[in-house]
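Here's the letter readout for the chains.
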Amino acid sequence: YNQPIPFGQRQEGGQGMKIAVAGAGAFGTGLAIALAANGPVTLWARDPDAAAYMSTTRENAARLKGHTLPDAVHVTSDQQAVFAADTILLAIPAQRLGQWLMDHAENLSGKRLVACCKGIDQKTLRGPVALIEKIVPDASASMLTGPSFAADIAQNLPTALTLACAQPDDAEYLQSCLSTPTLRLYVSHDVIGAELGGALKNVIAIACGVCMGAGFGESSRAAVITRVFAEMRRIGAALGAKPDTLTGLSGFGDLALTCTSDGSRNYRFGLYISAQQDFDESTTVEGAAS
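Here's a quick rundown of the structure.

The rules behind the values
- Residues numbered from 1 in each chain as written.
- Predicted model: local features only at pLDDT ≥ 70, side-chain atom pairs only at ≥ 80, totals over all residues.
- Heavy atoms only, no water.
- Phe/Tyr/Trp six-rings, centres within 6.5 Å; stacked < 30°, edge-to-face > 60°.
- Helix = DSSP H or I, 4+ residues; strand = E, 2+ residues; numbered from the N terminus.
- Buried < 20%, exposed > 50% of the residue type's maximum accessible area, 1.4 Å probe, protein only.
- Axes fitted to C-alpha atoms, helices over the stretch in contact; angles between N-to-C directions.
- Parallel < 35°, antiparallel > 145°, perpendicular 65-115°, else oblique.
- Left-handed = near helix turned anticlockwise from the far one by under 90°.
- Contact = heavy atoms within 4.5 Å.
- Arc of directions from axis to C-beta.
- Pairing = 2+ DSSP bridges.

For any pair of aromatic rings, the description rests on two quantities: the centre-to-centre distance and the angle between the ring planes. Applying the stated criterion across every chain yields a total of five aromatic pairs. Taking the centre distance of 6.1 Å and the plane angle of 45° together, the rings of Trp44 and Trp100 count as tilted. A residue pair is termed long-range when its members are at least 10 positions apart, and Trp44 in strand E2 (residues 41–44) and Trp100 in helix H4 (residues 94–103) qualify at 56 residues. The class of Trp100 is buried, set by a relative accessible area of 9%.

On to the packing of helix H9 (residues 191–213) against helix H13 (residues 265–274). In contact at an axis separation of 6 Å, H9 and H13 are set at 40° when each is read in the N-to-C sense. Judged on the interaxial angle alone, H13 and H9 are oblique. Crossing handedness for the pair H9 and H13: right-handed. In this structure, H9 contributes Asn202, Ala205, Ile206, Cys208, Gly209, Val210, Met212 and Gly213 to the contact, and H13 contributes Asn266, Tyr267, Phe269, Gly270, Leu271, Ile273 and Ser274.

With that settled, the discussion passes to the environment of Leu185. In this structure, Leu185 sits in strand E10 (residues 183–188). Judged by relative accessible area, which is 0%, Leu185 ranks as buried. Taking C-alpha positions, Leu185 is 26 Å from Lys134, a pair spaced 51 residues apart along the chain.

Here we take up helix H12 (residues 249–258). Buried within H12 we find Ser250, Gly251, Asp254, Leu255 and Thr258. End-on view of H12: buried residues confined to an arc of 110°, all on one side of the axis. Looking at the packing, one finds that the buried side of H12 touches strand E8 (140–145), strand E9 (159–165), H9, helix H10 (218–238), helix H11 (243–246) and H13.

Along the chain, Thr87 falls in strand E6 (residues 87–90). Accessibility expressed as a relative area gives 0% for Thr87, which makes it buried. With residues near it in sequence (within four places) discarded, Thr87 still touches Met17, Lys18, Ile19, Ala20, Arg112, Val114 and Leu174.

What follows is about the sheet that holds E10. The pairing of strands in a sheet comes from backbone hydrogen bonds and takes either a parallel or an antiparallel form. As summarised here, the arrangement of the eight strands in space is E5-E2-E1-E6-E7-E8-E9-E10, forming an open sheet in which the pairing is mixed. For this open sheet the edge positions go to strand E5 (73–76) and E10, each flanked by a neighbour on one side alone. Ignoring strand direction, the axes of neighbouring strands in this sheet form an average angle of 25°. With four bridges connecting them, E6 and strand E7 (residues 112–115) associate as parallel partners. Its bridge partner lying in E7, Leu90 is registered against Ala115. In this fold helix H6 (residues 128–135) packs onto E6, E7 and E8, with an angle of close to 165° to the strand it touches most, E8. Of the strands in this sheet, E8 and E9 are in contact with H9, which crosses E8 at around 40°.

In structure tokens form, the structure reads like this:
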């Protein structure tokens, strides 16, 4: 089940599939741009003015400047357009996801819901998939996670991600439909491991930002990453994750990217902490809450 669809190839299972992305932040926009290679995609923005601007200019200048929205991307602030889709990618911050699910549970019933956020809900201590399963129990819940920056995905640069789903049939179907010529998905049935890898690596990225901002150097950062990775595996084992999951894309892969690049919001947040500077509050930093 862990074999990816090769780059440049895609199965026929996605023909006619209706896809929506809920959340027009950087990552949601990047996903919509990439998935437009397969067919029409609905991109929902909660701000009507922002949706209208993006629809007219064909750019999300506020969150992902410099990347043109293909004609196949329909931008809207009408939530009913989201609920009309068969599969909904939830690019909503982890701390807002639970409330959004509760507000729209009836409309989400029976849908394939793919969480695209990385964090632990502070109110329930649940990960994104566990939240979906609790609030919308008859939906198919999965998670798309791994080492990926929105700009890379939008530029159609080769990217590999983990699709974590407990149901083998749904996992295979989603892998087919969400793969693109430059987006390769590996399937995992270890949802707990994928949730933990995505949440914990953000915390470590903040720590690495603090480390580098304090001037401790590359060797010190390498030590932080190595020792914390061992801790991540111990936490995962204690909470029921499979060890191999955290050594894969959704664990070590994501950890390596976010702990070593200024493109990571969590890493930059750590730099700001060490410099005792205020961070842009409009920027989502999932690791701060986790």
